[in-house]
Amino acid sequence: MACIRVAVLFAMVAAASAFTAPAMTGLRLRSNKSAMSMKAETPKFAGVSKALAPAIAAASIAAPAFAEGTGEALGVDDGRLLVPIIIIPVFVALLFGNFASTQDNEDF
């Protein structure tokens, strides 16, 4: 019974020591290099009317969200795939619109 208690105590100490921070010997926390800086390019709206500039700015800000990491529109890198991606939802929406227009709206 004492052997089991010693083994359990040893296991508890070993488990607790797994959560301690590693020793910081020989590590440098600061570097002599200057910090990296990144500067975004400002968009140039030459030749665009002042009324269109906010719309173009909003569209250019939202454009990367549609690229999904591939750098292409909707994340598609093959132009042939854009046809079914656009046509199938439009076809389903037209079918649903036709179906919804034939339903009576007397529920409420």
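Residues numbered from 1 in each chain as written. Predicted model: local features only at pLDDT ≥ 70, side-chain atom pairs only at ≥ 80, totals over all residues. Heavy atoms only, no water.

Next up on the list: the overall build of the chain. Summing up its helical and strand segments, the chain has three helices and zero strands in all. When its helices and strands are written in sequence order, the chain yields α-α-α. Evaluated residue by residue, the chain yields a buried proportion of 3% over its 108 residues. When the accessible surface of the chain is summed, it comes to about 10400 Å², and 68% of that surface belongs to carbon and sulfur atoms. (Helix = DSSP H or I, 4+ residues; strand = E, 2+ residues; numbered from the N terminus. Buried < 20%, exposed > 50% of the residue type's maximum accessible area, 1.4 Å probe, protein only. Areas by Shrake-Rupley, 256 points an atom, 1.4 Å probe, with all protein chains shown as cover.)

All told, the structure shown has one aromatic pair when counted by the stated rule. Aromatic pair Phe96 and Phe99: ring centres 6.4 Å apart, planes at 45°, arrangement tilted. Taken together, the residues Phe96 and Phe99, both in helix α3 (residues 82–102) and three residues apart, mark about one turn of the helix. Residue class for Phe99 comes out partly exposed when judged on its relative accessible area of 47%. (Phe/Tyr/Trp six-rings, centres within 6.5 Å; stacked < 30°, edge-to-face > 60°.)

If you check helix α1 (residues 2–17), its first and last C-alpha atoms are 22 Å apart, about what 16 residues at 1.5 Å a residue would give, namely 22 Å. Little of α1 is tucked away: zero of the 16 residues are buried. (Expected span 1.5 Å × (residues − 1).)

The subject of this paragraph is a nonpolar patch on the surface. The grouping of Leu81, Val83, Ile85, Ile86, Ile87, Val90 and Leu94 at the surface amounts to a nonpolar patch, some 640 Å² of accessible area in total. Residue position: Val90 is located in helix α3. Judged by its relative accessible area of 46%, Val90 falls in the partly exposed class. (Patch = residues over 30% accessible without salt bridge, like charges linked within 9 Å, V, L, I, M, F, W, Y side chains within 5 Å. Salt bridge = Lys/Arg side-chain N within 4 Å of Asp/Glu carboxyl O.)

For the rest of this paragraph, the subject is the confidence of the model for the chain. When pLDDT is averaged across the chain, the result is 76; 69% of the residues are at 70 or more. α3 holds the highest mean pLDDT among the elements of the chain, 91, whereas helix α2 (residues 53–62) holds the lowest, 73. (pLDDT = per-residue confidence, 0-100.)

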